[in-house]
Amino acid sequence: MPLVSGTAVGSSLKAALGQRDALELDAAVIGASGIEQGTELQHRAGDLIAQELLMPPDHVLATGDERTALHGAFPDSPGIVLISGTGMICIGRNARGEEARSGGWGWLLDGAGAAFDLGHQGLQLSLRMADGRLPDHPLRQRLWHAMHCHSSAQVKAMVVNPDFGAAGFAALAPLVVTAAEEGLVEASHILRRSAHALTECVITVGGRLELAAPQLAARGGAIEHLQGYRRMIEDVLSHQLPQARWSAASGDACDGALTLARDLRQR
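Note that the structure is a prediction, hence the values are computed from the model and not measured.

What follows is about the overall build of the protein chain. Regarding its fold elements, the protein chain presents 13 helices and seven strands. When the backbone C-alpha atoms are referred to their principal axes, the protein chain occupies close to 65 × 40 × 35 Å. In the protein chain, the share of contacts with a sequence separation of at least 24, taken over all contacts with a separation of at least 6, comes to 69%. Summed over all atoms, the accessible surface of the protein chain reaches about 13700 Å², with 54% contributed by carbon and sulfur. Across the protein chain, the mean location of the 22 positive side-chain charges is 4 Å away from that of the 29 negative side-chain charges.

It is worth spelling out unusual backbone geometry at this point. Not every positive phi belongs to a glycine, and H148 is a case in point at roughly 60°. Mapped onto the secondary structure, H148 falls in the loop between α6 (138–147) and α7 (152–159). We classify H148 as exposed; its relative accessible area is 67%. For E210, which is not glycine, the phi dihedral falls at a positive 55°. Relative to the helices and strands, E210 is located in the loop between α10 (185–208) and β6 (215–219).

Among the nonpolar cores identified, the biggest contains 52 residues, and L82, L118, L123, L191, V202 and Y229 are the most heavily contacted of them. For this core, the element with the highest residue contribution is α10, accounting for eight residues. Counting 11 residues, the second largest nonpolar core, distinct from the first, contains A28, A45, L53 and M55.

This paragraph deals with the environment of P242. Mapped onto the fold, P242 is located in the loop between α12 (227–240) and β7 (245–246). Once the C-alpha coordinates of P242 and A213 are considered, the two residues, 29 residues apart in sequence, prove to be 8.5 Å apart.

The next thing to look at is the packing of aromatic side chains. Across all of its chains, the model carries four aromatic pairs by this definition. Measuring from centroid to centroid gives 6.4 Å for W107 and F169, while their planes differ by 45°, and the two rings are tilted. Taken together, the positions of W107 in helix α4 (residues 107–110) and F169 in helix α8 (residues 165–170) put the pair 62 residues apart, joining distant regions of the chain. Relative accessible area serves as the criterion here: at 8%, F169 is assigned to the buried category. With a centroid separation of 5.0 Å and an interplanar angle of 80°, the aromatic rings of F164 and F169 are classed as edge-to-face. Judged by its relative accessible area of 12%, F164 is buried. An aromatic cluster of at least three residues, connected via ring pairs, comprises W107, F116, F164 and F169. The ring centre of W105 lies 3.6 Å from the NZ or CZ of R101, which sits over that ring.

What counts and what doesn't
- Residues numbered from 1 in each chain as written.
- Predicted model: local features only at pLDDT ≥ 70, side-chain atom pairs only at ≥ 80, totals over all residues.
- Heavy atoms only, no water.
- Helix = DSSP H or I, 4+ residues; strand = E, 2+ residues; numbered from the N terminus.
- Contact = heavy atoms within 4.5 Å.
- Areas by Shrake-Rupley, 256 points an atom, 1.4 Å probe, with all protein chains shown as cover.
- Lys, Arg positive; Asp, Glu negative; His and termini not counted.
- Charge placed at Lys NZ, Arg CZ, Asp CG, Glu CD.
- Buried < 20%, exposed > 50% of the residue type's maximum accessible area, 1.4 Å probe, protein only.
- Core = buried A, V, L, I, M, F, W, Y, C linked by side-chain atoms within 4.5 Å.
- Phe/Tyr/Trp six-rings, centres within 6.5 Å; stacked < 30°, edge-to-face > 60°.
- Lys NZ or Arg CZ within 6 Å of the ring centre and 35° of its normal.

Without other data, these values stay purely geometric and don't point to any function.
Here it is in structure tokens:
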């Protein structure tokens, strides 16, 4: 399935126009998950947008939604955006305009630090409990109840269903966070391992960009809404990169797309 389609571009433009019959566009930017910088996919998506909007190719940009998030959070200043939702990625920019990213290579290869990771590890924990390798805990029943499963065999069958995927694992993350808050040591270990994975990405991006005391903005459902997990990330980061400072994002990914479009127009 295309990450950017002509239908999606057209419907988005129609929604933006509202009741107006026409709108003169100087530049257009679309951020979509999975569009990697400098790839053939990015070039094809840019060509499609230009054709759909009847604009010159150098007036449009198709890019990853992590880049629109970065430029929304820090439109005119250096900073790092740490995104932890169903998936994860860390991306930053320095005062010279150089960008660097770490992580975000898909849940099958690089899911550590995402809600997927929390749910995945929690489900693994539940199977160890069911086998008797660990003492049973209400977490197992809660996870299985959420999946409408009553046995390890049903869990096994459920997770290989094509409709389950990363989102299915991610939906279980809040239960793991709750178990950690209730004192389940193994659940706390899951949160801490995941927090270390995110911190590793922040340190990597900060080092590549030579950001001695980076400003850091959080984005994504896991890091913004799972407060127990957020506290764990903050704790690990404060020990490993104490000079980092959390900052409120100036804007969202839509604002970032507008910032990138402004930059295109000013070239």
